[in-house]
Structures are given as C-alpha cells and as structure tokens.
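Below, each chain spelled out in residue letters.
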Amino acid sequence: MAEAGSFADKVKQQADIVRVVGEYVRLKKSGQNFTGLCPFHAEKSPSFAVHPTKQIYHCFGCGVGGDVFKFVMEMEKCAFPEAIRIVAEKCGIAVPRQKERSPEERKENQQRSVFVEMHREAQTFFVKQIEGTLEGKAALAYLEDRGLDKDAISRFGIGYAQSGGDTLLRHLKAKYNEKLLVESGLVSRDQNGGRLFDRFRRRITFPISNESGKIVAFGARALGDDMPKYLNSPETPIYSKSNVLYHMDRAKDALRRQDFAILVEGYMDAIAVARAGISNVVASCGTSLAEPQIKLLGRFTRRVVVNYDPDTAGQTATERSLSLLLEQDFEVRVLALPPVGDKKADPDLFIRERGKDEYLKLLKEAPPYVDYLIARARQMDLSTGEGKLRAVNFLLPYVQRIPNRLLRSEWATRIAQQLRLDEPVLRAALSKAAAERRSEVKTQPELVGRAAKPVERRLIRMLAEAEGFRQELAKHLQNAHLYHGLETEKIFAALVIASLSGQPVQATEVGALLEERDRRLFFEILFEEANEPTWEEAMSCIEALQHRQAERELADVQRSIEANPPGTELRGLLEKKQELMRRLAAAR
C-alpha cells in the first residue's frame, strides 16, 4: 500500500491507469469507463473495466481488481517495489536511486546492465563491419539480391560478423573480462576450455530486442555453406528465447491498432512483411512457439494469423502453434501461401516475387484454423473407414484444446460434414474420448460407417450385371461425377470404364484392378441377395446420389460464405446457395 507522502503515493497520484493498463490490454471507451478482454482469464466478451477517475480496475467475470500497482504486479509477476519502478518509468517519473537489498541483487543488476551495454556495442561493431569491410560488402550484395536496399538494412540494424573468429573479441576484451565475455553469449570458449573466439563468424547479424527495445541477443545467418544456416545467441541473464518475439518492440502499436498479429518464422520473413507496410508482424525466430511468447502476444491482441513456411517443418510448427494458441483462447487463422513457380513460398519469397498487394489479398482471405486443419485431414486417404478414423484422430487433439464449448460444437459439425461422418455418432465418440482423457478415438464401426451405402451397393451390382442398360447407367454416373468422393469411388471407376467399353463385364478382371480392401467389398456385393435390376430403380438410385451431392455442395458453399469473401464472389455464392436449396426442395 502506498503511504501518504511516499514516492509510491507520488507515482500513484501522477500515474494514468488507463495508459498503463492500455499497454497490456486493448481498451475501448464505454461511457465513463474503459473496457476490454480480461488478461487474467480467457473470455470472448469484455468484462474487464478500468475507471479513469477512481484509478482502479475490476473484472466482472473473474472478480480481480485493484489499483495500478496491483495490476502491474499481477501482469509482470513482480513485487510491490518493482511495480512502483515500472509504473514510474512508464509515466516518465524519475525514480530515486535506491540501495539494493543485498550484494547479490546489486551484482545481478550490474551484470544485466553490463550485458545490455555489451550488446549495444556489438551491434554498433557489426554495423560498421557490413559498411566498411570487403566481407561486409559481399554480405551487402547478398542482402540486396534478397531485395533489401540500404534503407531497409539500416532500418532493421542488419550487420555482419567477419570470418576471422576474433574480431569482436579483440574489440571487447580491452573493456570486459573473459568471464563476462563468455557469459554474454557473444564469445565462446573451445571444448578444451582454453581459447576464446567469436560466437558469430562469417554471418549476417540481426539484432533481437526485448519488448522495451533493448538489444538482448542476435540471430545470425551464414553467408556461405556453414551449418547451422541460422545461429542464435544462447540463453543468458538478459535473453530467454521463449520470452522474446522478434520485431515485437516495433510492432506493439500496430498490434493494438490492427488488433491482430501476423506470426512468421524468421527474421527475413518478418522484415519482408514489415517492409510491405504491414507492421503488426512478429517472428518466433525459427524456434517452436512457447507459452511465454503467447502470453506476451496476448497483452496486445488475441487474434493471430499464422504464416509459417509451407514445408513439412513449417506445417508441423503451424500445428503445434495452433494447439498452444487455442489453449489460450486466441482467435486464429492460417495463411498457407501458394507456390511461386516450382518453389514453396515463405513470406519473404512470396512478397519479392508476387508483390505486397497479392500478399495482402491472401492475408485478408486467410481461412479460420478449423478449415486449415480439416483441409490437412482431407489430404489423407478418406476412401476407407480406417482412413477417416486417422483423420478424426489427427483433429481430435485440437478439439480437446478448445476451452469454448460452442466452438467445440462447431468443430464437430464441420468435421462431420467434411469427412462425411454421421454427426451424432461423431459427437458421442469425441465426448467419450474427452471424458476418458484419450488423445484418439477408438475404432467404432458405427462411426466410420458401413463400407458402402445401400444405394452405392445397388448401383455397383447393376453396373456388374445389368446387361440391358449398364452402359447407359455408366454414362449417367460419369457425366455427373456422381461417384467422385465416395468410399466406393475406385470400384465405380473400374466398373464405369469396363461398362463403357461395350464388352461384357468380367468380375475377376475388374477385381484385379482393385486394391485388396476394394476387391473384397466388390465381391461381397456381388454375392448379396438382390432382385432383378430395372431402369426405374437405377434412376431412383441416381436421384439419391444427386441429392447427396447437392447437400455436400451446399455445405461447401455455406463454408465459403462464412469466410466473408469480396462482394462479387459473395453474390455468386449466395446465388449458388439459392439454386442448391431449390434443387433439394424440389427433390423432397
């Protein structure tokens, strides 16, 4: 508690709680107060309020509340004296010099200050190397070839570490002892514990700043074929990679203003996006996104577009990031960039080759994470029940991580529609897996369904045996693409080709073209009891498939409408929806 007349009381009297809280929470004016999403619990509708006159905050959802110091203590996980200092610095109030509580604390604070100063000096040194050495000029040529002009190189503080191995060491050792040099992460010691050498050699350097803009580490890209391609600073007293996002110090204002973040993997990606005029971009520096980084991001926005590289590693990183973001109740979309020619395109390459306008267009159209993940699941083999089960089990961990019940329900509906599963059975299977804390759905015949619907089985039998009209039936099925996407698609395809040939259908020849599972199903159908086929029955079966096809198309159109496309495209989708609804109503 701030005693009357104390420095803490002075800070409290001069501090603007709206300004301080606004650095952590996106606030909007609501009457005489300001409101926003509570930073202390997950919520979709704002229940967190700040009273500018009384200088207090309160959440009507979880009940937390207090003054500006209490808020900073909770957000920064610090003690009361540290909260006073933080609020004072944020409000431009001079902090009186205080005596450290212990020699250990004094030593740690001094050490951190020294490390920050060393990194500032190293940054100045690296910039001079890229501007004034032959090796640096080669690095400049490489960067210019990557589309960076001198203004961009200067703007992002890009430098160069020479190949000699001790140029930075010689620059720093006159001022700092060996112990500090090694602990700073700028200098390494060989395995025998003897010789010191520069950590970064023959590499382009990117300064990594903390949220307040102080350089605390470097990322460095090899100029030649040295491995690893990218090398970061090690963990130090001033740098923990899981607590820092590259470009966050520059992106803070844009994140609040735009109320969403673009999350990319590397420095060059972040720089490319920022140069395109999109300042609300941050990078996880090539490492897996960590929970502290997500919490840091959550202080500025709860909406994220994940735009990682499209390779296998990038897809894995995307899926892992989605899991963590969903647990923190973020609203997430995924931007998967299309190839540029025969190259998989990261943001840097895409913007250089296709331009910022095309990137902005795709950014606006980036689908919700649920559609991205279901699209990934649909790349699996869904022609079998086992394949569908694998797809469901791929999606299940993400479903379980969604804290919002309504969103989980929406997921179940979309999964059922996209994978063509019985929705009530799927919901029951997901609920059971969640209750038993399982990360997969056990095999259930009622979930994956019978290998073929009765209509499909009957048409297969007709194509195999109805000599009088099977060729005409095959034409109907092929022209309308009625069997595409069915579990029995491969059987239909083989029978249609055989029927259109005009030759008698030989079951053994058709079976020889099929994989084992489809062959067994085909012969099982041929042995079923059945009445003599008629053309009227065939037309009835075709109408049933057309109805199912229209239902699938309607579901796809509805999802496209929900993605909020541009006006012209939206009008076309609405017209298509009306047409499909008329077709379905007429068939009833």
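Now for a description of the structure that goes with this document.

## Side note on the sheet that holds strand β6 (residues 159-161)
- If you trace the 4 strands from one edge of the open sheet to the other, you get β6-β9-β10-β11, paired in antiparallel fashion. In the strand order of this sheet, the two ends are held by β6 and β11 (230-232), each with one partner. Taken over all neighbouring pairs, the strand axes of this sheet differ in orientation by 35° on average, direction set aside.
- One ladder, built from 3 bridges, connects β6 with strand β9 (residues 203-209); its direction is antiparallel. Counterpart to Gly159 in the pairing with β9 is Thr205.
- Lying over the sheet, helix α11 (residues 267-275) contacts β9, β10 (215-222) and β11, oriented at roughly 70° with respect to β9.

## Overview of the packing of aromatic side chains
- In total, this model carries 18 aromatic pairs according to the counting rule given.
- Their ring planes at 75° and their centres at 5.5 Å tell us that Tyr24 and Phe71 sit as a pair that is edge-to-face. Of this pair, Tyr24 sits in the loop between α2 (17-22) and β1 (28-30) while Phe71 sits in helix α3 (residues 68-76), and the two are 47 residues apart along the sequence.
- On the accessibility criterion, Tyr24 (1% relative accessible area) is buried.
- Measuring from centroid to centroid gives 5.3 Å for Tyr57 and Phe71, while their planes differ by 80°, and the two rings are edge-to-face. Taken as a pair, Tyr57 in strand β4 (residues 56-59) and Phe71 in helix α3 lie far apart in primary sequence, 14 residues in all.
- On the accessibility criterion, Phe71 (0% relative accessible area) is buried.
- Ring pairs connect the aromatic residues Tyr24, Phe40, Phe48, Tyr57 and Phe71, which therefore count as one cluster.
- Residue placement shows Lys29 over the ring face of Phe34; its charged tip is 5.4 Å from the ring centre.

## Re the pattern of salt bridges
- Summed over all chains, the structure comprises 29 salt bridges.
- Measuring nitrogen to oxygen at the nearest pair gives 2.8 Å for the salt bridge that ties Glu23 to Lys90. With Glu23 in the loop between α2 and β1 and Lys90 in helix α4 (residues 80-90), the pair connects residues that are 67 residues apart, well separated along the chain.
- Overall, Glu23 belongs to the partly exposed group, its relative accessible area being 22%.

Conventions used here
Residues numbered from 1 in each chain as written. Predicted model: local features only at pLDDT ≥ 70, side-chain atom pairs only at ≥ 80, totals over all residues. Heavy atoms only, no water. Pairing = 2+ DSSP bridges. Helix = DSSP H or I, 4+ residues; strand = E, 2+ residues; numbered from the N terminus. Axes fitted to C-alpha atoms, helices over the stretch in contact; angles between N-to-C directions. Contact = heavy atoms within 4.5 Å. Phe/Tyr/Trp six-rings, centres within 6.5 Å; stacked < 30°, edge-to-face > 60°. Buried < 20%, exposed > 50% of the residue type's maximum accessible area, 1.4 Å probe, protein only. Lys NZ or Arg CZ within 6 Å of the ring centre and 35° of its normal. Salt bridge = Lys/Arg side-chain N within 4 Å of Asp/Glu carboxyl O.

Functional significance is not addressed by these values, which are geometric in nature.
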